[in-house]
Amino acid sequence: MPKFVYDFTEGNKDLKDLLGGKGANLAEMTNLGLPVPPGFTITTDACRVYLEQGQEPPELREQVTQYLDALEVKMGKKLGQADGPLLVSVRSGAKFSMPGMMDTVLNIGLNDESVLGLATQADNERFAWDSYRRLIQMFGKTVLDVDGELFEHALDEAKAAKGTHNDLDLGADDLRGLVEAFKVIVEKEAGRTFPQDPREQMDLAIRAVFESWNGDRAKLYRRQERIPNDLGTAVNVCSMVFGNLGMDSGTGVAFTRDPASGQTGVYGDYLQNAQGEDVVAGIRNTVPLQELEHIDEASYAQLTGIMSTLEEHYRDLCDIEFTIERGKLWMLQTRVGKRTAAAAFRIAVQLVDEGRISPDEAVQRVNGAQLAQLMFPRFDENAKAEKIAKGMNASPGAASGKAVFDSYTAVKWSRSGERVILIRRETNPDDLNGMIAAQGILTSRGGKTSHAAVVARGMGKTCVCGAETLDVDTKRRRMIAPNGVVVEEGDVISIDGTSGAVYLGEVPVVASPVVEYFEGRLGADSPSADDLVRAVHRIMTWSDERRRLYVRANADTAEDAARARRFGAQGIGLCRTEHMFLGERRALVERLILAEDDAEREAALAELLPMQRDDFVAIFTAMGGLPVTVRLLDPPLHEFLPDITELSVRVAVAEARGETSEGDLRLLQAVHKMHEANPMLGLRGVRLGLVISGLFIMQVRAVAEAAAQVAKAGGVARVEIMVPLVGAVQELEIIREEAQGVLDEVKSRTGADIRALIGTMIELPRAALTAGQIAEAAQFFSFGTNDLTQTTWGFSRDDVEGAFFSAYLDRGIFGVSPFETIDRDGVGKLVRIAAEEGRRTRPELKLGVCGEHGGDPESVHFFEEVGLDYVSCSPFRVPVARLEAARAAI
Ligand code: PEP
Ligand code: MG
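For the protein chain, the name recorded in an unreviewed UniProt entry is Pyruvate, phosphate dikinase, with Catenulispora yoronensis as its organism. We quote the UniProt Catalytic activity (unreviewed entry) comment for the protein chain here in full: "pyruvate + phosphate + ATP = phosphoenolpyruvate + AMP + diphosphate + H(+)". What UniProt records for the protein chain under Cofactor (unreviewed entry) is the sentence "Mg(2+)".

If you want it as C-alpha cells, here you go:
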C-alpha cells in the first residue's frame, strides 16, 4: 500500500520532494531533539493523485486516521474533544517555498463545545473565542470560498460598536457575538453551516490545501520563480501552540545571519501576544529579535542555542519560525533561508572561512542571476536628492518610478511602458501581480520578514519596507511624508533597497562596485573594496579554476571587445559585421545594392574594404591574440535600404509636385525588387554571399589583411571566419573555397602568419540534421540558437513576445520563453544531434554557441552537458556565464 502519511519522527530533510520543504525540515528538527509540536505530513504524492483524479487516494483517509490516533495518544487529548481539545493547524508546504501563496488553516478542532473546553484549559475565555472566530474566518475564506472582506467587515463593525480600532479591545462577549455573525455569513455565502465535526474540518482543510496548489496566486508565483507545475504540495498537520495567550507568549521569525547583508549575528522580528500569521502578514509592527532577551531571557537563550545547532547542522543560513507559549519555546519551521544576492556571496565565503563548506560548495551556493543583480547600478551617494523617509532595507537595488498605490494600476501602467514603484501600507499575496510589474516596492508597515520583504527578496526586486513615518493613503492614492511632502499617484520617487532610503524624484545612479571590479577599476585587495567585492573575487577565482567551458563574448567594436576581455572573456564568439555597415557607411551599402554593373559594385566594395579592415585591426588588437569569430554579413540587405512605405510616399509627393528625382525612383524600384514577405527566411546569410558577388570576398579580404597588419605590428590575430545561415554543405563549400583562396592570396602577398579557421553557424534545423556532412567543410560550428529557435518552433523572433507568448505562458505550454532559455527537448535535441554528428565526422571540430542562450544560466548547464567547447554572450553576461559554467562543471 502506498505510504501517504509520515509522522514528523519518520521524515528527514532530504525528503523534500515527498514531504515538501516545511515537512522535511520539521521532521529533521524533530529528530534533532528540538522542541517541535508533534504532527504528521501528508505527501506530495497524495496531492498529485488528488489533482489528477479530483479525489483523494482511497488509502489516505485510513492513514490519516491512524496517524491522528497516534498524535492524540501522544498529546493525551482528542481532536476537538469538549474538555481541553487537541487543536491542529493544517498547512501547505511545497518542495520550494512559496510564501503566502497557498492555504493554511489554524485552530482546527474548535466547535461550539470545544471552544468552552479551550476557555477552561487555557484559563482565558477571550482567547478561546478569538481562536474560534479566527478558525471560522480562515476556514470560511480558504475552504468554503467565502469572500474574506465579509468577515473583515463584520470585524470592523464589532470594533466600531465598541468605539475602537484595536482587535485587542474586543472582549470575550464581543468575540462570541462575532462567532455567531461569522457563522451566519458562512451559511449565507457557502450554502452550508460551518462544520462542527472536527474531523470533517480537518479533511476539508486538507483538500483545500491540495486545491490551493492550482490557485491563481500560486500559479503566477511558480511561473515567476520557474517552479514546475506538477510538483504538488505536501500538507502538514501540526498540533497547535499559541503565541497569543498573553504577554508571556509571542511569535517570531529569526535568521542565523542577516539575510539582507549576510553579516553574522542574530536577526529577526518578534511580536508579543500574537500568532504567526500576524508577523508574516506585516499587520502589526514587530520588535527586533534582540529585545526578546529582555522580554524572556530563558527562551532567548534557548532560541539562540537552537539557532547555532541549526546552522551547524544545515551548514548554511537558516530561517526559523517560532512561538513561545507561556514561556515555553516551540519551533514551527526552519529552512535554508532566502537571501539577497549580496548576502549569498558574503555567506558563501564566510562559510568557507569558517571551515564549514568547501570552495566547490561555495560556488554552488550562489548563482548567475544573483551575480547579475550585483551588477546593477546604484544611487549616486553624492547626488542632491530629497530624502523623505527611511524604512528597512528589505531587498537591495536602486529603483525609481512613478508612485502607484495598487496592484492593478502598477500592472496597467507598466504595460504601457511606465516604470512604477508600488506603494502599500503592507502587501499581501493578492499584490503579487503588481509587485512583479513594479521596479520596486515600498511599504509603511512590517519588518524584514513581512510579506513584501520576503517576496521581493525572492524575486530579486528592490524593496523598502516598514517606512513608518510615511502616511500611506491607498484610498486617496497618495502618501504624506513627515516633512509635509505629498506624493500623489504618478509622482516620481526613488527607493534604495540597500540603505532603506526613500527619495522624492529621480536620483541619478552610478555603476555598482562589482562592475567597477570587473572593469578593473577597483582591485579586490584595494582598501576601498568592501567585503562584497572580495567575496565576488574569490568566488570568480574558484569558478575559473573549476569550469571546463570557455567563455567568449559577442562584441562588434573594439570598445566592446576590450570590455569583454576585462570581464574575463576568452575570445569573441560572434562579431556581427552588419553593425559595421551602418551610419555613414549606409550610403556605400546602398550603392553596392543598387550597382548596375560589376564596375559600380566593385567600386563600392573597394570603398568599404579599408573601413572593414580598420574595424578588424582594432578588434584583433583589443583581443591580443585571443580567438575572434567574425561572422560574414547576415541580415537581409533591404534592412540597409529605406523603408518601403516612407520612400513610396516621398516619391509620390515629389511626383505630385512635378519634382520627380531619378535617384529616388531607382531606389524605389530596387526596394520593391528586394521586398520579401518573410525576410527572415529570405535573402540573408550565406545566400547573400552566393548572390551578391564579391561581398563575402571583400569581407574575408578585410579580415585577412587586418590579421596580416596586426601580425606585422608584432601582434597575433587568431581569426575564425563564420558563415551564417547555412542549410546545406554545398553552400558552405562554395564560400569556403572562395574564402580560402583570398586567405592564401593575402598570406602569400604579405608573407604574414595568418591563423584562420573557416566554419559555420548551425542555426537551421537542416544544418543540425546534416551536421555530419557540413562538418566536412567546417572547422568549427557555432550554434545560432536565436535563429535555431525561430526556425525550429516556427516563431518569428521579432514578433512573438507581444503576440501570443503570454497566452502560451499562461496556459503552461512553456514556463519560460524558448528565446530566453534553451528548449532542451526540441532545439536542444537538434544541438545535441549536430554536436554528435559533427564530431563523428571531424573529432577536433570546435563547438560553441553564440545565440542569447550563451549567457542564460540554465542554458549554460545544458551546453556543458552537451559538451560544447565554449559559450559566447554579451560582455555584461560574461561573468554570469563564467560562474554558471563552473556550477555546471562541479
Ligand atoms: C543566432 O541566430 O543565434 C545568432 C547568434 O545570430 P543573430 O542573432 O545575429 O541572427
Ligand atoms: Mg542568426
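If you tally the helices and strands in the protein chain, you get 36 helices and 31 strands. Principal-axis analysis of the C-alpha atoms places the extent of the protein chain at approximately 105 × 65 × 60 Å. Expressed as a percentage of its 890 residues, the buried residues of the protein chain come to 51%. Taking as baseline every contact in the protein chain between residues at least 6 positions apart, the subset at least 24 positions apart corresponds to 68%.

Here helix 21 (residues 558-566) crosses helix 23 (residues 598-623) at 10°, and the two axes come no closer than 8 Å. If you check the angle between helix 21 and helix 23, you find them roughly parallel. Within the contact between the two elements, helix 21 uses Ala-558, Ala-561, Ala-562 and Arg-565 and helix 23 uses Ala-618, Ile-619, Ala-622 and Met-623. Its residues assigned to classes, the contact of helix 21 with helix 23 comprises seven nonpolar, no polar and one charged.

Taken together, the residues surrounding ligand 1 are Leu-574, Arg-576, Asp-634, Glu-763, Gly-784, Thr-785, Asn-786, Asp-787, Cys-850 and Gly-851. Looking at the shell around ligand 1, the elements that each hand over two or more residues are strand 25 (572-576) and helix 31 (785-793). It is helix 31 that provides the largest number of residues to the shell around ligand 1, a total of three residues. Considering only residue class, the shell around ligand 1 consists of two nonpolar, four polar and four charged.

Spatially, the eight strands close up into a barrel ordered 24-25-26-27-28-29-30-31, and their pairing is parallel. Between one strand axis and the next, the sheet turns through 25° on average, direction left out of account. Looking at chain direction, strand 25 and strand 26 (residues 627-631) are connected through three bridges and run parallel. Following the sheet pairing, Ile-572 is matched in strand 26 by Val-628. Most of the contacts of helix 23 go to strand 26, to which it runs at about 155°, and overall it touches strand 25 and strand 26. Helix-sheet contacts for helix 34 (residues 827-841) involve strand 28 (755-762), strand 29 (780-783) and strand 30 (846-849), and the interaxial angle to strand 29 is about 175°.

Once that is clear, we can look at the pairing of strand 3 (residues 88-94). Most of strand 3 is tucked away: seven of the seven residues are buried. Residues Val-88, Val-90, Ser-92 and Ala-94 point to one face of strand 3 and Ser-89, Arg-91 and Gly-93 to the other, with burial holding for every one of them. In the sheet, strand 3 pairs with strand 4 (residues 104-108) via three bridges, with the strands oriented antiparallel. By the bridge assignment for strand 4, Arg-91 is matched with Thr-104. For strand 3 and strand 5 (residues 233-239), the ladder comprises seven bridges, and the chain directions are antiparallel.

The next subject is the domain arrangement of the protein chain. Assigned domains within the protein chain: domain 1 (5-239), domain 2 (250-339), domain 3 (376-510), domain 4 (547-636 + 676-885) and domain 5 (642-675). The gap between the C-alpha centroids of domain 1 and domain 2 is 22 Å. No other element matches helix 1 (residues 16-31), which puts five residues into the side of domain 1 that touches domain 2. Partitioned by chemical class, the residues of the side of domain 1 that touches domain 2 number eight nonpolar, four polar and one charged.

Moving on to the environment of Gly-523. For Gly-523, the position within the fold is in the loop between helix 19 (513-518) and helix 20 (531-546). Between the C-alpha atom of Gly-523 and that of Arg-534, which follows or precedes it by 11 residues, the distance is 8.8 Å.

Among the residues of helix 2 (residues 44-53), Thr-44, Ala-46, Cys-47, Val-49 and Tyr-50 are the ones counted as buried. The inward-facing, buried residues of helix 2 abut helix 1, strand 2 (39-42), helix 3 (59-75), helix 8 (198-212) and strand 5. Once helix 2 finishes, Gly-54 follows within two positions and takes phi at roughly 75°, a positive value.

This paragraph deals with helix 4 (residues 114-122). Residues Ser-114, Val-115 and Leu-118 constitute the buried set of helix 4. Down the axis of helix 4, the buried set is contained in an arc of 105°. They therefore lie on one face. Along its buried surface, helix 4 packs onto helix 5 (125-143). Asp-123 lies just past helix 4 and shows a positive phi near 55°.

This part is about the packing of helix 35 (residues 857-866) against helix 36 (residues 878-889). Helix-helix packing: each pair is described by the crossing angle between the helix axes and the interaxial distance. The interhelical angle for the contact between helix 35 and helix 36, taken along N-to-C directions, is 50°, at an axis separation of 9 Å. For the element pair helix 35 / helix 36, the angle class is oblique. Where helix 35 crosses over helix 36, the two elements pack in a sense that is right-handed. Listed contacts from helix 36 to Pro-857, Val-860, His-861 and Glu-864 of helix 35 are Val-880, Ala-881, Glu-884, Ala-885, Ala-888 and Ala-889. The residue inventory of the contact of helix 35 with helix 36, partitioned by class, reads seven nonpolar, one polar and two charged.

Quick look at the confidence of the model for the protein chain now. The predicted model of the protein chain averages 92 in pLDDT, with 98% of residues at 70 or higher. For this predicted complex, the interface score ipTM comes out at 0.99, while the overall pTM is 0.83.

Moving on to the sheet that holds strand 18 (residues 471-473). Spatially, 18-19-20 is the arrangement adopted by the three strands of the open sheet, whose pairing is antiparallel. The open sheet terminates on both sides in strands that have one partner only, identified here as strand 18 and strand 20 (486-488). In this sheet, adjacent strand axes meet at a mean angle of 15° when their direction is disregarded. Note that strand 19 (residues 478-480) and strand 20 share three bridges and pair antiparallel. Bridge assignment links Met-479 to a residue of strand 20, and that residue is Val-487.

So, how was this worked out
- Along each chain, the written sequence defines residue order, and numbers are assigned to residues from 1.
- Following the order in which they are written, the chains are lettered starting with A and the ligands numbered starting with 1.
- Totals for whole chains, interfaces and linings use every residue, but because this is a predicted model, local features are given only for residues with pLDDT of at least 70 and side-chain atom pairs only at 80 or more, for both listing and counting.
- UniProt positions are given in the numbering used here, feature names are shortened, and annotations may be inferred rather than shown by experiment.
- Each helix is a run of H or I in the DSSP string that is no shorter than four residues. Each strand is a run of E no shorter than two, and both are numbered from the N terminus.
- Comment: burial labels come from other C-beta atoms within 10 Å of the residue's own C-beta, placed from the backbone, where a count of 20 or more is buried, 12 or fewer is exposed, and between is partly exposed.
- Two residues form a contact once the distance between their C-beta atoms, set from the backbone, is within 7 Å.
- Only the stretch in contact is used when fitting a helix axis, every axis being a line fitted to C-alpha atoms; angles between N-to-C directions are given from 0 to 180 degrees.
- The scheme is simple: roughly parallel for angles under 35 degrees, roughly antiparallel for over 145, roughly perpendicular for 65 to 115, oblique for anything else.
- When residues are grouped by polarity, Ala, Val, Leu, Ile, Met, Phe, Trp, Tyr, Cys and Pro land in nonpolar, Asp, Glu, Lys and Arg in charged, and all others, Gly among them, in polar.
- Being near a molecule or strand means, for a residue, that its C-beta atom, positioned from the backbone, comes within 6 Å of it.
- Between any two strands, pairing holds if DSSP finds at least two bridges.
- Where a domain begins and ends is set by an automatic assignment or by a domain database.
- Here the arc refers to the directions that run from the helix axis out to each C-beta atom.
- Left-handed describes a crossing in which the near helix is turned anticlockwise from the far one by less than a right angle; the clockwise case is right-handed.
- Confidence per residue, as judged by the predictor, is encoded in pLDDT with a range of 0 to 100.

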